[in-house]
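Each chain, letter by letter, is given below.
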Amino acid sequence: MQERTLVLIKPEGVQRHLVGKIISRFEDAGLKIVGMKQVWVDKEFAKKHYTEDIAERRGEKVREQLLNYIIEGPVIAIALEGVNAIENVRKIVGGTEPKSAPPGTIRGDFAHVSFAYADAKNIPVKNIIHASSDEKDAKHEIKLWFNEKELHSYKTIQDFFM
Ligand code: GDP
Ligand code: MG
């Protein structure tokens, strides 16, 4: 039941000084940070994160926008661990479209824009954060963003209360 999942604070989240607030939400829920770093990736790397699969789901145009967007500035990559961490992190993050994401979620609290607005501007919808969507993605993404030495197994106070 213990899982690891990847979160990226996207360039606008870093530029808006939201890093501390976002990390607090995961820590407050008892999720454990097992890896964390600031990285400025290039397009080749971005293609390995936003794979062909995204083009199949959201269209080639959205993928191309994402590839250009994620390299605009540094991101914060975080590996989180916890019980059903993948699903729990997605819940804390909220749905893809900030307009529809409920208050209390990161995307609902720190953004409000719609797909229609982003599409009209020809940009990916600015939703502050990425989180792995399932087990397969989480495995692939953690391996892509972190090497073995950057991931840690240790105890936190939370382990005593679970
Ligand atoms: P996520 O897992 O909730 O981030 O959503 P997806 O994996 O489906 O999409 C990846 C990212 O593409 C989203 O976080 C948005 O930034 C962007 N995106 C997805 N769908 C659309 C869309 O219809 N229009 C625009 N402009 N951006 C989109
Ligand atoms: Mg996704």
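Residues numbered from 1 in each chain as written. Chains lettered and ligands numbered in written order. Predicted model: local features only at pLDDT ≥ 70, side-chain atom pairs only at ≥ 80, totals over all residues. Heavy atoms only, no water.

### Quick look at the environment of Lys 91
Turning to step 1, where the next piece is worked out: You can see Lys 91 is positioned in helix α6 (residues 85-93).
Turning to step 2, where the next piece is worked out: With relative accessibility at 55%, the residue Lys 91 sits in the exposed group.
Turning to step 3, where the next piece is worked out: At a separation of 2.9 Å, a polar atom in the side chain of Lys 91 contacts the side chain of Asn 88. (Helix = DSSP H or I, 4+ residues; strand = E, 2+ residues; numbered from the N terminus. Buried < 20%, exposed > 50% of the residue type's maximum accessible area, 1.4 Å probe, protein only. Polar contact = N/O pair within 3.5 Å; in protein donor to acceptor, adjacent residues only side chain to side chain.)

### Looking at the site of ligand 1
Turning to step 1, where the next piece is worked out: Surveying the vicinity of ligand 1 reveals 17 residues, the closest of which are Arg 58, Arg 90, Thr 96, Asp 119 and Asn 127.
Turning to step 2, where the next piece is worked out: Here an oxygen atom of ligand 1 and a backbone polar atom of Val 125 are 2.8 Å apart.
Turning to step 3, where the next piece is worked out: Burial of ligand 1 by the protein amounts to 93% of the accessible area it has alone, namely 550 Å².
Turning to step 4, where the next piece is worked out: When residues of the shell around ligand 1 are traced back to their parent elements, those giving at least two are α4 (52-58), α5 (60-69) and α8 (115-121). (Near = heavy atom within 4 Å. Areas by Shrake-Rupley, 256 points an atom, 1.4 Å probe, with all protein chains shown as cover.)

### A word on the pairing of strand β3 (residues 75-83)
Turning to step 1, where the next piece is worked out: Counting buried positions over the nine residues of β3 gives eight, a clear majority of the element.
Turning to step 2, where the next piece is worked out: Pairing of strand β1 (residues 2-9) with β3, which is carried by eight bridges, proceeds in the antiparallel orientation. Looking across to β3, one finds that Thr 5 is bridged to Leu 80.
Turning to step 3, where the next piece is worked out: Strand direction decides the pairing type here: strand β2 (residues 32-39) and β3, joined by seven bridges, are antiparallel. Within β3, the position partnered with Met 36 by the bridge is Ile 78. (Pairing = 2+ DSSP bridges.)

### Notes on the side chain of Asn 127
Turning to step 1, where the next piece is worked out: Inspection of the secondary structure puts Asn 127 in the loop between α8 and β4 (129-131).
Turning to step 2, where the next piece is worked out: Every residue in contact with Asn 127, bar those within four places of it in the chain, is listed here: Lys 10, Glu 12, Thr 96, Pro 98 and Arg 107. (Contact = heavy atoms within 4.5 Å.)

### Things to note about a nonpolar patch on the surface
Turning to step 1, where the next piece is worked out: A grouping of Met 1, Val 83 and Met 162 is seen on the molecular surface, where their side chains present a nonpolar patch of about 350 Å² in accessible area.
Turning to step 2, where the next piece is worked out: By the element assignment, Met 162 lies in the segment after α9 (135-145). (Patch = residues over 30% accessible without salt bridge, like charges linked within 9 Å, V, L, I, M, F, W, Y side chains within 5 Å. Salt bridge = Lys/Arg side-chain N within 4 Å of Asp/Glu carboxyl O.)

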